[in-house]
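As a plain string of letters, each chain reads:
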Amino acid sequence: MTRLKYIDSHTGGEPTRVVIAGAPDLGAGSMEERKRCLAAEHDWLRRCLILEPRGSDWLVGCLLQPPVGPRSEAGVIFFNNTGYLGMCGHGLIGVVETLAYEKRIGVGTHQFETPAGPVSATLHEDGTVSFTNVESFVYRKNVDVTLPGGRTVRGDIAYGGNWFFLAEEAKVQAGDLTRLWTRAKEIRQALDDQGITGAAGAVIDHIELFGAPSSAETADSRNFVLCPGGEYDRSPCGTGTSAKLACLAAKQLLAPGETWRQESIIGSVFTGTYQPASNGILPTIRGRAFVTGRSECLLDPHDDFRFGIETPQP
Ligand code: PYC
């Protein structure tokens, strides 16, 4: 019987499942190399933890790795219902809370290695976590995308550890969920159909729609973020908020060090600031995670569905 130990948490409503024991050996390469090894040779781990019957489409998983650098706390490889992520902001906040729960780290700043590059994260006295992300930047501004029916949506393409298309929407409220979900999926499909990509042909697999916050006292903007597997982020999305800060900085709408409060579709808030960097900005995003469970995944060789179910979609 194969066993994987994991800890579940959520960050602003978005869950993270961190594998803490039982994972296969991925070698001693960089996190990008180990991510490729995990995908090519051990994709069963992602499938059994994230797909039904153990997981769900909105769950993000994370495999902890021994780091390459002596000063790093850990390597982290994030994955979801369809594949692997370069970086995941809500997930990293969940990892820090998980390691603190396990008493592996305390209050202070810790270095992590991700497939997208090194990041640092600070566990604060009040239980919140901030992380300074990989360099984030705007790739193209004011890009027109034609949707079914001929309607055009104008938005920006930006990188925040993942690739995003960011556009304004008239209303981004919980009651608009069906419309937002449909619109974001149409944009995602139209980007593919019209050959619109990030740098070097990178697939833009996250769509971020913005509107007014539920209250100007608590946030500056509210977002809806469509994730690569078709689900939407319950949190304000750490890499998405990084991409948003890159856009605000490029348009001179937010000064270095000034705070941006990004609300999610369910009302959770991340705060963000940035410092200028050579090709864009270095964003720092702050939020809070809570551990929700600790469990062991058992893979019984007699169970035909032990590696997860590809559920038929309507
Ligand atoms: O917080 O960066 C994030 C994220 C990416 C996908 C889901 N959450």
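Our subject is the structure that appears above.
Since this is a predicted model, take the numbers as computed values, not measurements. Starting from 1, residues in each chain are numbered consecutively following that chain's sequence as written. Residues qualify for local features only when their pLDDT is at least 70, as the model is predicted, and side-chain atom pairs are given and counted only at 80 or more; totals for whole chains, interfaces and linings, by contrast, use all residues. No hydrogens and no water enter the side-chain calculation; it runs on all heavy atoms of the structure.

A.B. asks: Would you mind going over the packing of aromatic side chains in detail, with residue names and values included?
C.D. replies: Pairing of aromatic rings covers Phe, Tyr and Trp, the last through its six-membered ring, and needs centres within 6.5 Å; plane angles under 30 degrees mean stacked, over 60 mean edge-to-face, and all others mean tilted. Taken as a whole and assessed by the stated rule, the structure comprises eight aromatic pairs. Ring centres 5.6 Å apart and planes at 75° place the aromatic pair Tyr-139 and Trp-163 in the edge-to-face group. Of the two residues, Tyr-139 is situated in strand S9 (residues 137-146) and Trp-163 in strand S11 (residues 163-168); the sequence distance between them amounts to 24 residues. Working definition: with a 1.4 Å probe on protein chains only, accessible area under 20% of the residue-type maximum means buried, over 50% means exposed, and in between means partly exposed. When its relative accessible area of 36% is taken as the criterion, Tyr-139 is described as partly exposed. With a relative accessible area of 10%, Trp-163 lands in the buried category. On the numbers, 5.2 Å between centres and 50° between planes, the contact of Tyr-159 with Trp-163 is tilted. Two conditions define a charge sitting above a ring: the NZ of Lys or the CZ of Arg must be within 6 Å of the ring centre, and it must be within 35 degrees of the ring normal. Sitting over the ring of Tyr-232, Arg-234 keeps its end group 4.1 Å from the ring centre. Here the basic side chain of Lys-244 rests over the ring of Phe-210, its NZ or CZ set 3.8 Å away from the ring centre. Every helix listed is a DSSP run of H or I at least four residues long, and every strand listed is a run of E at least two residues long, numbered separately from the N terminus.

A.B. asks: Now, about the site of the ligand: what can you tell me, with residues and values included?
C.D. replies: Taken together, Cys-88, Gly-89, His-90, His-206, Cys-227, Asp-233, Cys-237, Gly-238 and Thr-239 are the residues near the ligand. Polar contact is the term for a pair of N or O atoms within 3.5 Å; when the atoms are in protein, one must be able to donate a hydrogen and the other to accept it, and sequence-neighboring residues count only if both atoms are side-chain atoms. Residue His-90 places a main-chain N or O atom 2.8 Å away from an oxygen atom belonging to the ligand. Between Gly-238 and the ligand, the recorded distance is 2.7 Å, taken from a backbone N or O atom to an oxygen atom. Protein coverage of the free-state accessible area of the ligand, which is 240 Å², stands at 99%. Of all elements in the fold, only helix H3 (89-101) and helix H5 (238-250) reach the threshold of two or more residues within the shell around the ligand. When residues are sorted by character, Ala, Val, Leu, Ile, Met, Phe, Trp, Tyr, Cys and Pro go into the nonpolar class, Asp, Glu, Lys and Arg into the charged class, and all the rest, Gly among them, into the polar class. Residues of the shell around the ligand, tallied by class, amount to three nonpolar, five polar and one charged. Being near a molecule or strand, for a residue, means having at least one of its heavy atoms within 4 Å of it. Areas reported as accessible are Shrake-Rupley estimates using a 1.4 Å probe. Residue values count occlusion only from the protein chains shown.

A.B. asks: Can you lay out the pattern of salt bridges for me, pointing to particular residues and giving the numbers?
C.D. replies: A side-chain nitrogen of Lys or Arg and a carboxyl oxygen of Asp or Glu constitute a salt bridge if their distance falls within 4 Å. Here the structure, examined in full by the defined rule, presents 20 salt bridges. Where Arg-46 meets Asp-43, a salt bridge forms, and the shortest distance between an N and an O atom there is 2.9 Å. Placement of the pair is Arg-46 and Asp-43 together in helix H2 (residues 43-50), with a separation of three residues, close to one helical turn. Classification of Arg-46 as buried rests on a relative accessible area of 7%. A salt bridge links Asp-156 to Lys-251; its shortest N-O distance comes to 2.4 Å. A residue pair is termed long-range when its members are at least 10 positions apart, and Asp-156 in strand S10 (residues 152-159) and Lys-251 in the loop between H5 and strand S14 (260-263) qualify at 95 residues. On the basis of relative accessibility, which here comes to 5%, the residue Asp-156 falls in the buried class.

A.B. asks: Which residues make up the pairing of strand S16 (residues 281-287), and what values go with them?
C.D. replies: Consecutive side chains of a regular strand alternate in pointing toward one face of the sheet and then the other. Covered by surrounding structure in S16 are Ile-281, Pro-283, Ile-285 and Gly-287 only, the residues Leu-282, Thr-284 and Arg-286 on the alternate face being uncovered. Here strand S8 (residues 129-132) pairs with S16 via four bridges, running antiparallel. Each bridged residue has a counterpart across the sheet, and for Thr-132 the counterpart in S16 is Thr-284. Relative to S16, strand S15 (residues 269-276) runs antiparallel, the two sharing six bridges. Residue pairing across strands places Gly-272 opposite Ile-285, the latter belonging to S16. Paired strands, as defined in this entry, are two strands with at least two bridges between them according to DSSP. Here S15 folds back onto S16, and the loop between the two strands holds four residues.

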